[in-house]
Structure formats: structure tokens, C-alpha cells
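So the chains spell out like this:
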Amino acid sequence: MEELDTVRAELLQSLPGDISRARNAYRRMAQAAALKMDAKSFAAHQTACKAGLSHLEGLIKILRWASGPDAAENEKAKSPAMEEAEIRKLIAEARGALAGT
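Reading the values: the criteria
Counting restarts for each chain, with residues numbered from 1 along the sequence as it is written. Whole-chain, interface and lining totals are the exception, using all residues; otherwise, since this is a predicted model, local features are given only for residues with pLDDT of at least 70 and side-chain atom pairs are given and counted only at 80 or more. To obtain the side-chain values, all non-hydrogen atoms of the structure were included, while hydrogens and water were left out. The helix and strand labels rest on DSSP assignments: H or I over at least four residues marks a helix, E over at least two residues marks a strand, and numbering proceeds from the N terminus. Helix span, as expected, comes to 1.5 Å for every residue beyond the first. The quantity called bend is, for any residue, the angle between two axes fitted respectively to the seven residues ending at it and the seven beginning at it. Relative accessible area decides the class of each residue, using a 1.4 Å probe on protein chains only: under 20% of the type maximum gives buried, over 50% gives exposed, and in between gives partly exposed. Think of it this way: a Phe, Tyr or Trp ring, Trp meaning its six-membered ring, pairs with another when their centres are within 6.5 Å, and the plane angle makes it stacked under 30 degrees, edge-to-face over 60, tilted otherwise. Consider the ring centre and the ring normal. A charge sits over the ring if Lys NZ or Arg CZ is within 6 Å of that centre and within 35 degrees of that normal. Salt bridges are identified by distance alone: a Lys or Arg side-chain nitrogen within 4 Å of an Asp or Glu carboxyl oxygen. Take the buried residues of types Ala, Val, Leu, Ile, Met, Phe, Trp, Tyr and Cys, join any two whose side-chain atoms come within 4.5 Å, and each joined set is a nonpolar core. In this description, contact between two residues means that some pair of their heavy atoms is separated by no more than 4.5 Å. Axis lines are fitted through C-alpha atoms, for helices just across the contact stretch, and the angle between N-to-C directions can take any value from 0 to 180 degrees. Note on angle classes: values under 35 degrees are labelled roughly parallel, values over 145 roughly antiparallel, values of 65 to 115 roughly perpendicular, and the remainder oblique. In this scheme, a crossing is called left-handed if the near helix is turned counterclockwise away from the far one by less than a right angle; it is called right-handed if the turn is clockwise. Polar here means any residue other than Ala, Val, Leu, Ile, Met, Phe, Trp, Tyr, Cys and Pro, which are nonpolar, and Asp, Glu, Lys and Arg, which are charged; Gly is therefore polar.

Enquirer: Kindly report on helix α1 (residues 2-31), identifying the contributing residues and their values.
Expert: With 30 residues, α1 extends 43 Å between its outermost C-alpha atoms, agreeing within 8% with the 44 Å of an ideal straight helix rising 1.5 Å per residue. Maximal helix bending in α1 amounts to about 40 degrees, located at serine 14; proline proline 16 follows within four positions. Buried within α1 are the following residues: Arg8, Leu15, Ile19, Ala22, Tyr26 and Ala30.

Enquirer: Tell me about the packing of aromatic side chains, and name the residues and values.
Expert: This model, assessed by the stated rule, comprises zero aromatic pairs. Sitting over the face of the ring of tryptophan 65, arginine 8 holds its NZ or CZ atom 4.3 Å from the ring centroid.

Enquirer: How would you sum up the pattern of salt bridges? Please name residues and give values.
Expert: By the definition in use, this model includes two salt bridges. Of the charged contacts, one joins lysine 61 and glutamate 57 as a salt bridge, the two residues approaching to 3.7 Å between their closest N and O atoms. Taken together, the residues lysine 61 and glutamate 57, both in helix α2 (residues 39-66) and four residues apart, mark about one turn of the helix. Classification of glutamate 57 as partly exposed rests on a relative accessible area of 45%.

Enquirer: Describe the nonpolar core, listing the residues and the values that go with them.
Expert: Residues Leu15, Ile19, Ala22, Tyr26, Ala30, Cys49, Leu56, Leu59 and Ala94 constitute the largest nonpolar core, which totals nine residues. Among the secondary structure elements, those contributing two or more residues to this core are α1 and α2. If one sorts the elements of this core by residue count, α1 sits on top with five residues. Setting aside residues no more than four positions away along its own chain, leucine 59 makes contact with Leu15, Asp18, Ile19 and Ala22.

Enquirer: Help me get a handle on the side chain of arginine 8, residues and values and all.
Expert: Along the chain, the position of arginine 8 falls in helix α1. The residues touching arginine 8, leaving out its near neighbours within four places in the chain, are Trp65, Ala66, Gly68 and Pro69.

Enquirer: Can you tell me about the packing of α1 against α2, naming the residues and giving the values?
Expert: Running from N to C, α1 and α2 point in directions that differ by 160 degrees, and their axes come no closer than 8 Å. Classified by the angle between their axes, α1 and α2 sit roughly antiparallel to one another. Where α1 crosses over α2, the two elements pack in a sense that is left-handed. A breakdown of the residues in the contact of α1 with α2 according to their chemical character gives 20 nonpolar, three polar and three charged.

Below, the structure written as C-alpha cells:
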């Protein structure tokens, strides 16, 4: 159990920076949409953006795990309305990034 605590402590120390870098990379990628693209390039761009969001989601899940059982339980206790509000916020941020705002 002590080794697991060490892993969690290391993750808690490094993940915020990792998440920040991944978010910034996603924003740069999303803002590239302002460039004129043909359909094939646009589809590739959208695929890259989706991969970036999946990466962020994975990092956030690991952060929740590393934060301990209390954090995981708090996530499970969220109401569907709270989750929907968070999803809407993420979508709005992504749209803003794609629009270059």
C-alpha cells in the first residue's frame, strides 16, 4: 500500500502541469482551425482535436484516482445536472477555441 501512496503522491505533483500542457496543446491545435483547410485536412484536424480531448480526459481521470477515494466518491455523487453543466462548459470552451476567441 505504501508504494501505491508514493505513486499517488508523485502523480499529484506532476499531473497538474501535464494537464496544463495538454490543455495548451489542445488550444493551439483547435485554433489552427482558423486556417483555410480542404475537407481532408479539416477531418484530420478534427480527429487530432478529439484525440487531444481524450488525452485530457484520461489525465483528469488519473488525477481523480490519485486524489484518493474521497475525490472519486465525490465525482460519483455528482448529479446528472452537474455533469451536464460541466460538459456544456467544456463544449463552450472548445467551440471558443475553434472560433479563435
